[in-house]
Amino acid sequence: MTTRRLDCFFKPRSVALVGASSRPGSLGRAVLENLRGGGFKGALHLVNPRHSMLEGMPCVARISDVKPAPDLVIVAAPRDFVQQIVADSAACGVKAVVVITADTEHGVGSLADRLADIAATTGIRIVGPNCLGLVAPRAGLDASFAAHRATPGDLAVISQSGAIAAALLAWAHERRIGFSGLVSVGDMADVDFADMLDYFAFDHQTRAILLYVESIRDAKGFMSAARAAARVKPVIVIKSGRHPRAAKAAATHTGALAGADAVYDAAFRRAGLLRVADISELFAAAETIGRIKPFTGDRLAILTNGGGIGVVAVDNLLDLGGKLAELSPEVVARLDGILPATWSRANPVDIVGDADAQRFRLSLTELLADKANDAIVVMHCPTALSDSEAAAEAVAAAVDEHRRSSLQPKPVFAVWLGATPGSNAIFEAARIPNYRGGATRGFMHLVRWRENRDALMAVPPSLPDHFQPDVEAARAVVAGALAKGQTWLEPMAISTLLEAYDIPVAPARFAATPEDVAAPACDVIAAFGACVIKILSPDITHKSDVGGVVLNVETPEAAVTAARAMLSRVAARRPEARIDGVTIHPMVRRPHARELIAGIAEDSVFGPVIVFGRGGKAVEVINDRALALPPLDLRLAHDLIERTRVVRILRTYRDEPAADIDGAALLLVKLSQLSADIPEIRELDLNPILCDHQGVIVIDARVAVAPAKSPHLYGSNPRFAIAPYPKGWERRLRLRDGAELFVRPVRPEDEDMYRAFFESVPPEDLRLRFFAPVKEFSHTFVARLTQIDYARAFAICAIDESSGLMVGGVRLVKDADETSGEYAILLRSDYKGRGLGWNLMKLMIEYAEDEGLTHVEGQVMAENTNMLAMCEQLGFRVTDDPGEPGIKFVQLDLQKLPGVASKLPI
């Protein structure tokens, strides 16, 4: 995940085409024609050993013959020569290569695999192989074999499919929509989705990004880059392969519910991406974001000359979860004065089938002025009494007047049934998105993107103070099972594991023989009134399927009889199964409880996934479930619950009291933390969970375990696609005067604590920290400091536990290449000179070393002499910043000073 040298793809000074050809119908000819026709102003070199001249241009035999080495090389040569061409390019000092040539092989030994090795060892950047190429319209660069030219614009396209990229170019050409860049990444030997998302996210000429995804290889890189991009601009994604021919067999209900496409959907949702279902919807989304900037609000007004199409539009809007605007009384009154008496007097505003252009213009002008709506869809149905082009002109004129007079103009969407080339041209010129249908979907695309962006910035509620999991006890359970060679935890071990994370569970007692059942059954029946007997076998996943569960046993004698009969019954039905005995559980009677399922499933791409839904024996038949990538907070857990149908019966209905939804959400957060702390847990299935007004309790559970592949800190599961809260960096710090502070990584729910901290810091200190006066601590300002992607940054805060107040903090943001990081630090005035700043800097440097960074650097105002003095004592080199008068540049070389953090005094 790096943007290193990506400018060479989009802003090259010179380009070489290897495999250039004059043969009609050849790949080399098609790419050459596009390169020459795109308007590239830099030097263009041709390479082909069979020619000295091509199409009137000089041609050399080898890439090494091009002097000086070009910034960018396009490879359209036969497959057998590609590896050597790329290696030679790297040796000559070429920085970037696009390999258009296709390969029929995949995996180890494929062309992509061999090119990946070259990229890793030489640092050359490679797009492809097996791609359409790339287009950079502002540079006049068309390094592709697409049939249509791209014009400059503000949409970026990143496509794994060359065909989809070509189709988007053709579609955009028809509608005069331009691009900031288009990249067909192909087999992604080097440059991948994460690299391109990072590049376009920070490209000021890109307003929105379109993605076509077939598969993700680097889930961590993708999620980190996608979340960062979606915070600043719309990212729309289409994912193919939604319906695989067959799902792999899963050992638990949870695993069976977590289908591959559902996990991708959960990942896109968590990243804040807007997913569309098919190519036509992708085009519709591009139509919207290509012409309309994001707006606030979600209330839609509909203006139409046909009542039927207006009603259909309302249905579509409500199906998509949209909100139909109410007309303000003032606007209704004004419309009464300009419309026939038969107009609808409601939204949708039906201005009747004989509406002329003037009626469209006057009505739209009133709706644009109405504060009761946020956007407008204008629909035109062709009639003998209405001139389509004149009506389009009227709409364009009203919109133009509104844009000129409003500081925040409303978006307007057009649906022109029976459109003519003339009406289309009018809307194109006015930059009004024009649909044959589906304008409500276009409106909702932008509404959903804004909601996704807001969700990324939302502050979650804090966890209860009493949730303090006993991680050591839980780890001991798992370690004990692994030491015995077990892959599934025994019921008694599961009880201990869940209790360590304060997850209510019906405890299990073990009996090896029917005769051993009497004593534990007597204890359980005395406490709960009845017990449940279950078979215990490592080979039987679903116990009830083989008669391995007996409910409501009310006496010890009956328990012995039930166990004996069960062992006989299960042995007959599953003679090959190993039987260890039976377990005895309380018979939990909750007549108003709803049955739920929750668990952890393992996805081959995105790692652990949290699953929630309706539980019980028919869980897979009902298939009511939702997925989320961990780590979860309470807000994300509630969102997960809200995406299921079972949530409807968790609320109050008829004579049933509301179930404890907050308790269910907290249970999900606990599962997420359990997965973060103990990566040896590979699958976990809680089914059923009983949930009613009294709370939640787990009735049955299964847990699969396997050794972790790499060392880890608590809270740092290496398989998480989203970096979890790094609990291993929590510690207590003793200052020089003996005062103790609690130091921990920053959490999203710290927003109020951060705001109080900033309010306690003198304005002059804030100016030195932020290089400008800070007058307001808005949600957006503070959220950027508290919502940390720990894949890209590290931030810790020092807390006085007696007051709960933050007294200092330090952060380190890694660069795109993850080789260096930029730090910042701020302390409360009364903690200066006590050793807090020194220790926070020491901890930050320790983190940088742990992450393998080579440098730590920062900018310090020249007048901040205390900070500069400390930097010099820590080993930083201090120089003037050539680009910033009054600023000092400080840098610590961790390669020259290996292990410096451990050598620094406390």
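Cut-offs used in this document
Residues numbered from 1 in each chain as written. Predicted model: local features only at pLDDT ≥ 70, side-chain atom pairs only at ≥ 80, totals over all residues. Heavy atoms only, no water. Helix = DSSP H or I, 4+ residues; strand = E, 2+ residues; numbered from the N terminus. Buried < 20%, exposed > 50% of the residue type's maximum accessible area, 1.4 Å probe, protein only. Contact = heavy atoms within 4.5 Å. Areas by Shrake-Rupley, 256 points an atom, 1.4 Å probe, with all protein chains shown as cover. Lys, Arg positive; Asp, Glu negative; His and termini not counted. Charge placed at Lys NZ, Arg CZ, Asp CG, Glu CD. Axes fitted to C-alpha atoms, helices over the stretch in contact; angles between N-to-C directions. Parallel < 35°, antiparallel > 145°, perpendicular 65-115°, else oblique. Left-handed = near helix turned anticlockwise from the far one by under 90°. Nonpolar A, V, L, I, M, F, W, Y, C, P; charged D, E, K, R; others polar. Pairing = 2+ DSSP bridges. pLDDT = per-residue confidence, 0-100. Core = buried A, V, L, I, M, F, W, Y, C linked by side-chain atoms within 4.5 Å. Salt bridge = Lys/Arg side-chain N within 4 Å of Asp/Glu carboxyl O. Phe/Tyr/Trp six-rings, centres within 6.5 Å; stacked < 30°, edge-to-face > 60°.

## A short note on the overall build of the protein
Part 1: Along the backbone of the protein there are 30 helices and 38 strands.
Part 2: Dimensions of the protein along its principal axes, counting C-alpha atoms only, are 95 × 80 × 65 Å.
Part 3: Across the 906 residues in the protein, those meeting the buried criterion constitute 55%.
Part 4: Long-range contacts, defined here as pairs at least 24 residues apart, represent 71% of the contacts in the protein between residues at least 6 apart.
Part 5: As displayed, the protein has an accessible area near 37900 Å², and 52% of this comes from carbon and sulfur atoms.
Part 6: Here the protein holds 100 positive side-chain charges and 110 negative ones, and the gap between their average locations is 3 Å.

## What about the packing of helix α11 (residues 307-319) against helix α16 (residues 439-457)?
Part 1: Two elements in contact, α11 and α16, have axes separated by 9 Å at closest approach and are oriented at 30°. When the axes of α11 and α16 are compared, the pair comes out roughly parallel. Here α11 runs over α16; the crossing is right-handed. For the pair α11 and α16, the contacting residues are A313, N316 and L317 in the first and T440, F443 and M444 in the second.
Part 2: Each residue belonging to the contact of α11 with α16 can be placed in one class, and the counts come to four nonpolar, two polar and no charged.

## Observations regarding the sheet that holds strand β22 (residues 531-536)
Part 1: Pairing in this open sheet of four strands is antiparallel, and the strands run β21-β24-β22-β23 from one edge to the other. The sheet is open, and its two borders are formed by β21 (509-511) and β23 (549-553), each paired with just one other strand. Across the sheet, the mean angle from the axis of one strand to that of its neighbour is 25°, orientation sign disregarded.
Part 2: One ladder, built from six bridges, connects β22 with strand β24 (residues 581-586); its direction is antiparallel. Residue K534 lies in a different strand from β24, and its bridge partner there is T583.
Part 3: Across the sheet, helix α19 (residues 518-528) lies against β21, β22, β23 and β24, angled at about 15° from β24, the strand it touches most.

## Structural notes on the confidence of the model for the protein
Part 1: Mean pLDDT over the protein stands at 91; residues scoring 70 or higher make up 96%.
Part 2: The model gives residues 245-258 a pLDDT under 50, and that stretch makes 39 contacts with residues more than four places away or in other chains.

## Quick look at the sheet that holds strand β32 (residues 740-745)
Part 1: If you trace the eight strands from one edge of the open sheet to the other, you get β31-β32-β33-β34-β35-β36-β38-β37, paired in mixed fashion. The outermost strands of the open sheet, each flanked by one partner alone, are β31 (731-734) and β37 (877-880). Taken pair by pair, the neighbouring strands of this sheet meet at an average axis angle of 25°, ignoring direction.
Part 2: As judged from the four bridges shared by β37 and strand β38 (residues 887-893), these two strands associate in the antiparallel manner. Within β38, the residue paired with T879 across the bridge is F889.
Part 3: Contacts from helix α26 (residues 763-770) reach β34 (805-814), β35 (820-827) and β36 (855-861), with the element oriented near 180° to β35.
Part 4: Running at roughly 20° to β38, helix α29 (residues 865-874) makes contact with β35, β36, β37 and β38 of the sheet.

## What to know about the environment of I825
Part 1: Within the secondary structure, I825 sits in strand β35.
Part 2: With relative accessibility at 14%, the residue I825 sits in the buried group.
Part 3: Expressed as a C-alpha distance, the spacing of I825 and R811, which sit 14 residues apart in the sequence, is 6.6 Å.
Part 4: Residues within four places of I825 in sequence aside, it is in contact with R769, G809, V810, G837, L840, M841 and M867.

## Observations regarding the nonpolar core
Most often, soluble globular proteins have nonpolar side chains that are buried together.
Part 1: One finds F9, L197, L211, F222, L273 and F606 to be the most contacted residues of the largest nonpolar core, which totals 70 residues.
Part 2: W729, L766, V807 and L827 belong to the second largest nonpolar core, which has 54 residues in total.

## Describing the pattern of salt bridges
Part 1: All told, the structure shown has 51 salt bridges when counted by the stated rule.
Part 2: The residue R125 makes a salt bridge to D190 at a minimum N-O spacing of 2.8 Å. Taken together, the residues R125 in strand β7 (residues 125-127) and D190 in the loop between β11 (179-184) and α6 (193-201) connect sequence positions 65 residues apart.
Part 3: A salt bridge links K534 to D700; its shortest N-O distance comes to 3.5 Å. Taken together, the positions of K534 in strand β22 and D700 in the loop between β29 (695-698) and β30 (701-705) put the pair 166 residues apart, joining distant regions of the chain.

## Things to note about the pairing of β30
Part 1: Burial runs high along β30: five of the five residues are buried.
Part 2: Residues A701, V703 and V705 of β30 are buried on one face, and the alternating residues R702 and A704, pointing to the opposite face, are buried as well.
Part 3: Here strand β28 (residues 681-692) runs beside β30; their pairing, made up of five bridges, is antiparallel. From the neighbouring strand, E683 faces β30, where its bridge partner is A704.

## Brief notes about the packing of aromatic side chains
Part 1: Tallied over the entire structure, the rule returns 23 aromatic pairs.
Part 2: Residues Y199 and F200 carry aromatic rings whose centres are separated by 5.5 Å and whose planes lie at 80° to one another, so their mutual orientation is edge-to-face.
Part 3: With a centroid separation of 6.0 Å and 50° between ring planes, the pair formed by F360 and W416 is classed as tilted. Within this pair, whereas F360 is found in helix α13 (residues 357-369), its partner W416 is found in strand β19 (residues 412-416), the two being separated by 56 residues in sequence.

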